[in-house]
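# Chain and residue survey
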Amino acid sequence: MRIAGRITGEAILAGAEMIRPGVSTKAIDEKIRHTIEKAGAKPSFLGYGGFPGSACISVNEQVIHGIPSYHRILEEGDIVKLDVGAYIDGFHGDSANTFPVGKISEEAQKLIDVTRESFFRGLEAAGKEGARVGDIGAAVDGYVTSFGCTTVKKYVGHGVGADLHEDPNVPNFGRPGHGPKLCRGMVIAIEPMINLGRPEVRELSDGWTVVTADGSLSAHYEHTVALTENGPEMLTKVD
Ligand code: MG
Ligand code: MG
């Protein structure tokens, strides 16, 4: 899983290097696919449930599951989410990050920063002795709401392993001390999806793209995390 994780992280970095105004989300997707395949892995998302891209690339009010397209050209001021999975030797990695396109607004930067930090609050909660899944969500949600941001409830983190999505669900909200117990040896994706406006989302008619219901900006930050005897280890973090 470390190998799958490293390839996943490197593919996100390769895609991120291409981000600038004028680039299509499909061009970024192709770079991610080449990076994964050159490493001897397969893109986990390609064909998953019929998904047509190698990565989910979601812009601005798009929360997750954005379909890469030659017609979606990044513009100065956009924020773009790259969500990537790589499969090798029977295991998956899963990771996402949000990047600025050129110069972005102060509130967009705040959203990116708050989302990223909320992941690390969740990670810290996961590493505590006797922690439960609800501790992660409570830490994430408590942090982002203190900045006036909101947590997407409809989509959640998950276990990762031989399947891309495994038990348990890892919501980004919850009650401390509740939910399944976190045990050594588990591997989970912690992935806050955070909105500047209201938390509700809806799916577009393409059957994939999830957007904020109120059109506000959304950010995403995810790592595949192994719960080891030395504490949580981020398998997809390479930068
Ligand atoms: Mg993901
Ligand atoms: Mg995930």
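Up top you'll find the structure we're talking about.
Numbering of residues begins from 1 in every chain and follows the order in which that chain's sequence is written. Ligands are numbered from 1 and chains lettered from A, in the order in which they are written. The predicted nature of this model means local features are confined to residues of pLDDT at least 70 and side-chain atom pairs, given and counted, to a pLDDT of 80 or more, with totals for whole chains, interfaces and linings taken over all residues. Note that the side-chain values use all heavy atoms of the structure and ignore hydrogens as well as water.

Numbering goes from the N terminus for both helices and strands, where a helix is a DSSP run of H or I of at least four residues and a strand is a run of E of at least two. Locating T115 in the fold gives a position in helix α3 (residues 106–126). By the criterion applied in these results, polar contacts are pairs of N or O atoms within 3.5 Å in which, for protein atoms, one can donate a hydrogen and the other can accept it, and in which residues neighboring in sequence qualify only through two side-chain atoms. Within the structure, T115 has its side chain in polar contact with the backbone oxygen of L111 (distance 2.7 Å). The contact rule is simple, with two residues in contact once any of their heavy atoms fall within 4.5 Å. Each residue touching T115, except ones within four places of it in the same chain, is listed here: P192, I194, A219, H220 and Y221.

This part is about the layout of surface pockets. The volume enclosed by the largest pocket comes to roughly 330 Å³. Lining the largest pocket we find 21 residues, and of these I64, H65, D83, H158 and H165 sit closest to its centre. Residue assignment for the lining of the largest pocket shows that the elements contributing at least two residues are β7 (157–159) and β8 (166–170). Gly is put with the polar residues, along with every residue not named as nonpolar or charged; the nonpolar set is Ala, Val, Leu, Ile, Met, Phe, Trp, Tyr, Cys and Pro, and the charged set is Asp, Glu, Lys and Arg. Here the lining of the largest pocket is composed, by residue class, of 10 nonpolar, six polar and five charged. Its volume calculated, the second largest pocket comes out at about 270 Å³. Contributing elements (two or more residues each) for the lining of the second largest pocket: β14 (223–228) and β15 (231–234). The class makeup of the residues in the lining of the second largest pocket is six nonpolar, four polar and four charged. Using a grid of 1 Å spacing that covers the protein atoms alone, one calls a set of points a cavity when a 1.4 Å probe fits there but cannot get out, and a pocket when the set is open and has protein on both sides within 12 Å along at least five of seven lines; lining residues are those with an atom within 4 Å of a point. Grid points are joined across faces, edges and corners, and a volume is the space filled by probe spheres set on the points.

What is shown is where atoms sit, not what they do.
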